[in-house]
Amino acid sequence: QVQLVESGGGLVEPGGSLRLSCVASGFTFAVAALSWHRQAPGKGRELVAHIGWGGDAITEMESAKGRFTISRDNTKNAVYLQMNDLKPEDTAVYYCRALGLDFDYWGKGTLVTISS
């Protein structure tokens, strides 16, 4: 059974940091391209960052560049999103995704709330 389980979300004050984790099981993790997406209240789901099976990591969301970093650890079947200098507009449900040649899996999301 395929599973992608996000964790690490919560309530953080502006300027704080948070690290999201996504642990996978049930498929060949090492060959998957991984990504983080988020959906803010009243908005659509957007790509935040992605990392390929070769380890190339890119933060695609302009507002997150310089603040967010994606990484992976294949020994733990995990992908992470380090978020620094958090802002209220970062409030959203964050989802991880694993994409391969013949699969496309999503986690259920973890809520991140930035508020003072």
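Calculation notes
Residues numbered from 1 in each chain as written. Predicted model: local features only at pLDDT ≥ 70, side-chain atom pairs only at ≥ 80, totals over all residues. Heavy atoms only, no water. Core = buried A, V, L, I, M, F, W, Y, C linked by side-chain atoms within 4.5 Å. Buried < 20%, exposed > 50% of the residue type's maximum accessible area, 1.4 Å probe, protein only. Helix = DSSP H or I, 4+ residues; strand = E, 2+ residues; numbered from the N terminus. Contact = heavy atoms within 4.5 Å. Pairing = 2+ DSSP bridges. Phe/Tyr/Trp six-rings, centres within 6.5 Å; stacked < 30°, edge-to-face > 60°. Lys NZ or Arg CZ within 6 Å of the ring centre and 35° of its normal.

**Concerning the nonpolar core**
Grouped burial of nonpolar side chains is what soluble globular proteins tend to show.
Part 1 of the argument: Membership of the largest hydrophobic core comes to 30 residues, with the highest contact counts inside it found for W36, V48, L81, M83 and Y94.
Part 2 of the argument: Among the elements of the structure, β3 (18-25), β4 (33-39), β5 (45-51), β7 (68-73), β8 (78-83), β9 (92-99) and β11 (110-114) are those that each provide at least two residues to this core.
Part 3 of the argument: Residues within four places of L81 in sequence aside, it is in contact with L18, R19, L20, W36, V48, A49, F68, T69, I70 and Y94.

**Description of the pairing of β9**
Part 1 of the argument: One ladder, built from 7 bridges, connects β4 with β9; its direction is antiparallel. Its bridge partner being in β9, Q39 is matched across the sheet by V93.
Part 2 of the argument: Where β9 meets β11, 3 bridges bridge the pair, whose relative direction is antiparallel. Along β11, the bridge assignment pairs A92 with V112.
Part 3 of the argument: Pairing of β9 with strand β10 (residues 104-106) involves 3 bridges; the strand directions are antiparallel. Within β10, the residue paired with R97 across the bridge is W106.
Part 4 of the argument: Taking the residues that link successive antiparallel strands as the turn, the β9-β10 hairpin has 4 residues.

**Quick look at the packing of aromatic side chains**
Part 1 of the argument: In total, this model carries 4 aromatic pairs according to the counting rule given.
Part 2 of the argument: On the numbers, 5.3 Å between centres and 50° between planes, the contact of F27 with F103 is tilted. In this pair, F27 is assigned in the loop between β3 and β4 and F103 in the loop between β9 and β10, connecting sequence segments 76 residues apart. The same class applies to F27 as to F103, namely buried.
Part 3 of the argument: Ring centres of F27 and Y105 lie 5.1 Å apart, and the angle between their planes is 55°; this geometry places the pair in the tilted category. Residue F27 is located in the loop between β3 and β4, and its partner Y105 is located in strand β10; the two are separated by 78 residues in the primary sequence.
Part 4 of the argument: Assessed through its relative accessible area of 14%, F27 is described here as buried.
Part 5 of the argument: Among the aromatic residues, those joined into a cluster by ring pairs are F27, F29, F103 and Y105.
Part 6 of the argument: Taking the ring centre of Y95 as reference, the NZ or CZ of R45 above it sits at 3.6 Å.
Part 7 of the argument: Taking NZ or CZ as reference, R45 lies 4.9 Å from the ring centre of W106, over its face.

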